[in-house]
Amino acid sequence: MFAKIIQKWNIIKSDWDEYKKLRHAAGCAWRKLEGLRKKITHLYFADDTAPQSRCIRSKLLEVPKNIAQDSVFDSRGVTLYEVRHYCPHFKEEKDTGKVTPCAEKNCPYYMANCEYAAAVEEYEAAQNNRRAFWRRDKSNTK
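Residues take numbers from 1 onward in each chain, read along the sequence in its written order. Only residues with pLDDT of at least 70 are given local features in this predicted model, and only at 80 or more are side-chain atom pairs given and counted; all residues enter the totals for whole chains, interfaces and linings. Each side-chain value is worked out from all heavy atoms of the structure, with water and hydrogens disregarded.

1. Some thoughts on the overall build of the chain
As a reminder, the rule being used: Helical segments are the DSSP runs of H or I of at least four residues, strand segments are the runs of E of at least two, and each set is numbered from the N terminus. We call a residue buried when its accessible area falls under 20% of the maximum for its residue type, exposed when it is over 50%, and partly exposed in between, using a 1.4 Å probe and counting protein chains only. By the convention used here, residues are in contact when the closest approach between their heavy atoms is within 4.5 Å.
Along the backbone of the chain there are three helices and five strands. Secondary structure elements of the chain occur, N-terminal to C-terminal, as α-β-β-α-β-β-β-α. By the burial criterion, 26% of the 142 residues in the chain qualify as buried. Nonlocal contacts in the chain, meaning residues at least 24 apart in sequence, comprise 46% of its contacts between residues at least 6 apart.

As structure tokens, this is what we get:
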């Protein structure tokens, strides 16, 4: 009886260790993806005149608050909104988030865009592996 409990505990422990590895791999892929997204994104405020031409241009708009209640809970007095503008050659599916590499090879951000597209695929594969673990694990326990 005690041997069966130890055996089940070891199975649970090994499954948890495997899941931690998959979760860590997905987290590393996400951090890599965010770092590469910063390479192809230019962040600027509305009063800046000429943003650099990158794949994604994020404009920050400051909207003043007029409601007294908002001023009490948030003392800054302004709200920041982000408006994104994409290069015409940047292709990202809105539903799935998949990115196809840029076809404009003379762009200075071509290699960064290709690395970003590869990182998106790597992240999706890591997420799918993590999700498949639970589906596989649940089907084994039935």
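2. Thoughts on the pattern of salt bridges
Put simply, the rule is: Take a side-chain nitrogen of Lys or Arg and a carboxyl oxygen of Asp or Glu: if they are within 4 Å of each other, that pair is a salt bridge.
One pass over the structure, following the stated rule, counts four salt bridges. For the salt bridge of Lys20 with Asp17, the shortest nitrogen-to-oxygen distance reads 3.8 Å. One end of the pair, Lys20, and the other, Asp17, are both in helix α1 (residues 2-39), three residues apart, so they sit about a helical turn from each other. Linking Lys39 and Glu115 is a salt bridge whose minimum nitrogen-to-oxygen distance equals 3.9 Å. Here Lys39, found in helix α1, pairs with Glu115, found in helix α3 (residues 110-141); they are 76 residues apart in sequence, far enough to count as distant. Exposure remark for Lys39: the relative accessible area of 47% places this residue in the partly exposed category.

3. Considering α1
Just so we agree on the cut-off: Multiplying 1.5 Å by the helix residue count minus one yields the expected span of that helix.
Compared with an ideal rise of 1.5 Å per residue, which puts 38 residues at 56 Å, α1 spans 56 Å between its outermost C-alpha atoms and is within 8% of the ideal. Every buried residue of α1 is listed here: Tyr19, Leu22, Ala26, Ala29, Leu33, Leu36 and Arg37.

4. Section: the nonpolar core
A general feature of soluble globular proteins is that nonpolar side chains tend to end up buried together. Inclusion rule: Each nonpolar core is a collection of buried residues, namely Ala, Val, Leu, Ile, Met, Phe, Trp, Tyr and Cys, held together in the definition by side-chain atoms within 4.5 Å.
Counting 18 residues, the largest nonpolar core has Leu33, Ile40, Cys55, Phe90, Val99 and Tyr116 as its most contacted members. Looking at this core, the elements that each hand over two or more residues are α1 and α3. Counting residues per element, this core draws most heavily on α3, at seven residues. Other than its neighbours up to four places away in sequence, Cys55 contacts Ile40, His85, Tyr86, Cys87, Phe90, Tyr109 and Asn113.

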